[in-house]
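# Geometric and topological summary
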Amino acid sequence: TAPNLLRNFCIIAHIDHGKSTLADRMLQLTGVVDARAMRAQYLDRMDIERERGITIKSQAVRMPWQVGDAAYALNMIDTPGHVDFTYEVSRSLAACEGAVLLVDAAQGIEAQTLANLYLAMENDLTVIPVLNKIDLPAAQPEKYAEELANLIGGDPEDCLRVSGKTGAGVTELLDRIVADIPHPVGDADGPARAVIFDSVYDTYRGVVTYVRVVDGHLSPRERITMLSTRATHDLLEIGVSSPEPTPTSGLGVGEVGYLITGVKDVRQSRVGDTVTSAVKPATEPVGEYREPRPMVFSGLFPIDGSDYPVLRDALDKLKLNDAALAFEPETSVALGFGFRCGFLGLLHLEIVRERLEREFNLDLISTAPNVVYEVEMEDRTTVRVTNPSGFPEGKVMEVREPVVKATILCPSEFIGAVMELCQNRRGIQLGMDYLSADRVELRYTLPLAEIVFDFFDQLKSRTRGYASLDYEPAGTQAADLVKVDILLNHETVDAFSAIVHKDKAYAYGVMMAGKLREIIPRQQFEVPIQAAVGARVIARETVRALRKDMLAKCYGGDITRKRKLLEKQKEGKKRMKNIGRVEVPQEAFIAALGSE
Ligand code: GDP
Ligand code: MG
């Protein structure tokens, strides 16, 4: 298709504002998926995506659209909405000329609406403002059209009103995409350059790489080179998704499609990298390639130690599919052999863990997640700490932690509640703006460690669900951080060490020691449980020595749980872990790591 008949656009929105549903209606209206084959959130293909109702991987679909006599091809790129996957969103945006900015007409602008809008503006995209879900009785299109117009300029009347559910207004939206979004421009005769915006691993076909051609032309059976690594591969197939993969005679300027080379590892097809022809290679990449960087680390251990090789194999396979996942072997006294894994965020962690358990039939325990710390020693060496138990011994000059710039949107009645929460989490306010009379944007610098765990839940509960949050990395800052160790009979139990702010060390120590006292079975002798910062003990509990009538006189706690533990304990001595002289069933550690 000639570039002037192409339109490349993405749909951006806050989570749940209806991107995937609108995409469904477009697939139907343009006839690429017929009514019989249609199902909700058609493009969310992974089981986890369907169950959770969220989009994790970007998707690109080519749709025909006729306006008058002209037959256009529209490439729609559906993007993930969660902040963990912002990296993918920004790559998708770079492959488009325009964006449909979707806002739920019953909710108004939310934090990711803004974040995505800013990304779109950074990429010089033409933005089409659209209010969605106008079929809802609670919709207030007039009010939010005003809000949107205030934000991006222009007239409130320019906001289209649609319903992804009923299909109202979607035809007009497709016409508007053709009219407003510029067609792609590129050098058709220059060396081929295509940018990778996604790559997925397919069991049968190997890696499928999604690209947008910027200059030149890529043809079937051509030899291609990846600019960042200089690796070359033979193209086995080239085509477009419509939405099923359809081979074509190549891709030209502005076209979006897929490449298959038979390679098995997604790391060979790195999102953001530039593909060129091996025979007539381009020299300049399309954009700067950035390695996705894990932000949150956690230990993953098989509950059954003999599953370790299965876990290793499973991680290798998942990595083929997920370039952002990082892992290396880790040994824990309490949990045995496992892996230290790096993730983009907690949702990413949850998804990886769920996929490992589900697709590879594994039972796993994960240790409390932590961010990455930089520890500068007095001899000026700096250690990067991804595991609290690896916190260096010796004289520490400074500990630095990652910080983020957070944007919180909420109705103005909740300003006080939000500020209090941010202050409790060591936030520094950067600014505050009114988006409308009753809607505020608050900007803060916050430690990543304070925001990734339960911040969002807290924010939601303090604002009755009305606040939304977005954040982006903003470097590191020095902070008063200490490592708290948990000792069982004077031996450190590695899996429970944590790096926390000095003011929270005591609370962590008391909580952990108390939890362990509850679940560690009594021994022949008294077992002290201590929390310590360096050599200083900050909390202590005691597991009293065993008596014969122990079960009958079980003190406190949950008796059935203790019984279960003891039963499991009988199942086999191999699950007992020795911490010094103390024998502890692995289940006890697992229960202590659990969030109950
Ligand atoms: P996404 O997270 O932006 O992809 O949002 P989804 O498309 O998954 O939609 C989120 C929820 O809103 C789902 O329960 C949809 O059924 C619902 N929804 C989406 N569009 C509409 C609409 O136009 N009207 C109504 N009433 N509900 C909608
Ligand atoms: Mg979706």
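Residues numbered from 1 in each chain as written. Chains lettered and ligands numbered in written order. Predicted model: local features only at pLDDT ≥ 70, side-chain atom pairs only at ≥ 80, totals over all residues. Heavy atoms only, no water.

## What to know about the nonpolar core
This is how the line gets drawn: Buried Ala, Val, Leu, Ile, Met, Phe, Trp, Tyr and Cys residues that are joined via side-chain atoms within 4.5 Å together make up what is termed a nonpolar core. Only protein chains enter the accessibility calculation, which uses a 1.4 Å probe; a residue whose area is less than 20% of its type maximum is buried, one above 50% is exposed, and one in between is partly exposed. Throughout, a contact is declared for two residues whenever any of their heavy atoms are within 4.5 Å.
Leu335, Val484, Ile486, Leu488, Phe496 and Phe589 are the most contacted members of the largest nonpolar core, which totals 37 residues. When residues no more than four places from it in sequence are discounted, the contact partners of Phe589 are Ala334, Leu335, Val493, Phe496, Lys577, Ile579 and Val584. Formed by 33 residues, the second largest nonpolar core is a distinct cluster that contains Val385, Leu442, Ala449 and Leu469.

## Structural notes on the sheet that holds strand β14 (residues 274-277)
Put simply, the rule reads: Strands qualify as paired when DSSP identifies two bridges or more between them. The helix and strand labels rest on DSSP assignments: H or I over at least four residues marks a helix, E over at least two residues marks a strand, and numbering proceeds from the N terminus. To get an axis, fit a line to the C-alpha atoms, keeping to the stretch in contact for a helix; angles then go from 0 to 180 degrees between the N-to-C directions.
Across the sheet, which stays open at both edges, the 8 strands sit in the order β10-β9-β14-β7-β8-β13-β11-β12 with antiparallel pairing between neighbours. The open sheet has two edge strands with one neighbour each: β10 (232-234) and β12 (245-247). Between one strand and the next, the sheet's axes are offset by a mean angle of 40°, whatever the strand orientation. Bridge count for strand β7 (residues 193-202) against β14 is 3 bridges, and the pairing is antiparallel. Looking across to β14, one finds that Arg193 is bridged to Thr276.

## Quick notes on the pairing of strand β20 (residues 382-385)
Looking at chain direction, strand β19 (residues 373-377) and β20 are connected through 4 bridges and run antiparallel. Across the sheet, the residue bridging to Glu374 is Arg384, located in β20.

## Observations concerning the site of ligand 1
The condition that has to hold: We call a residue near a molecule or strand as soon as one heavy atom of that residue lies within 4 Å of the molecule or strand. Polar contact is the term for a pair of N or O atoms within 3.5 Å; when the atoms are in protein, one must be able to donate a hydrogen and the other to accept it, and sequence-neighboring residues count only if both atoms are side-chain atoms. Shrake-Rupley sampling with a 1.4 Å probe provides the accessible areas, and residues are treated as covered by the protein chains on show and by no other component. Charged residues are taken to be Asp, Glu, Lys and Arg, nonpolar residues to be Ala, Val, Leu, Ile, Met, Phe, Trp, Tyr, Cys and Pro, and polar residues to be all remaining types, Gly included.
Around ligand 1, the structure places 15 residues, and the nearest of them are Asp16, Lys19, Ser20, Thr21 and Asp135. A distance of 2.9 Å separates an oxygen atom of ligand 1 from a polar atom in the backbone of Asp16. Contact between ligand 1 and Gly164: an oxygen atom at 2.9 Å from a main-chain N or O atom of the residue. Surface burial for ligand 1 is 80%, taken as the share of its 580 Å² of free accessible area covered by protein chains. A breakdown of the residues in the shell around ligand 1 according to their chemical character gives 2 nonpolar, 8 polar and 5 charged.

## Observations regarding the packing of helix α7 (residues 308-321) against helix α8 (residues 346-359)
Heads up, the rule is: Orientation is classified from the angle alone, with under 35 degrees giving roughly parallel, over 145 giving roughly antiparallel, 65 to 115 giving roughly perpendicular, and any other angle giving oblique. In this scheme the crossing of two helices becomes right-handed for a clockwise turn of the near helix relative to the far one and left-handed for an anticlockwise turn of less than a right angle.
Their axes nearest at 11 Å, the elements α7 and α8 cross at an angle of 120°. In this view, α7 runs oblique relative to α8, as classed from their interaxial angle. As for the relative orientation of α7 and α8, their crossing is right-handed in sense. Counted together, Leu311, Ala314, Leu315, Leu318 and Asn321 of α7 and Val352, Arg355, Leu356 and Glu359 of α8 form the full contact between these two elements.

## A word on unusual backbone geometry
Of note, the bond from Ser242 into Pro243 is cis; its omega dihedral lies within 30 degrees of zero at -15°. Along the polypeptide, Pro243 turns up in the loop between β11 (237-241) and β12. With phi around 65°, Arg230 is a residue other than glycine that occupies positive phi space. Relative to the assigned elements, Arg230 resides in the loop between β9 (223-226) and β10.

## Observations concerning the UniProt feature "binding site: GTP" (unreviewed entry) in the protein
What counts, and what does not: UniProt positions are given in the numbering used here, feature names are shortened, and annotations may be inferred rather than shown by experiment.
Under the UniProt annotation, the feature "binding site: GTP" (unreviewed entry) is placed at Asp16, His17, Gly18, Lys19, Ser20, Thr21, Asn132, Lys133, Ile134 and Asp135. Mapped onto the fold, Thr21 is located in helix α1 (residues 19-29). Classification of Thr21 as partly exposed rests on a relative accessible area of 24%. Note on Lys133: relative accessible area 21%, which makes it partly exposed.

## As for empty space enclosed by the protein
Test applied: Lining residues are those with an atom within 4 Å of a point, where the points come from a 1 Å grid over the protein atoms alone and group into cavities, where a 1.4 Å probe fits but cannot get out, or pockets, open sets with protein on both sides within 12 Å along at least five of seven lines. Grid points are joined across faces, edges and corners, and a volume is the space filled by probe spheres set on the points.
In total, this model carries 2 cavities of 30 Å³ or more according to the counting rule given. Size it by volume and the second largest cavity reaches roughly 40 Å³. Residue lining of the second largest cavity: Ala60, Val61, Arg62, Asn75, Tyr210, Ser241, Val256 and Gly257, and that is the complete set. Residue assignment for the lining of the second largest cavity shows that the elements contributing at least two residues are β2 (59-67) and β13 (256-260). In terms of residue count, the dominant contributor to the lining of the second largest cavity is β2 (3 residues).

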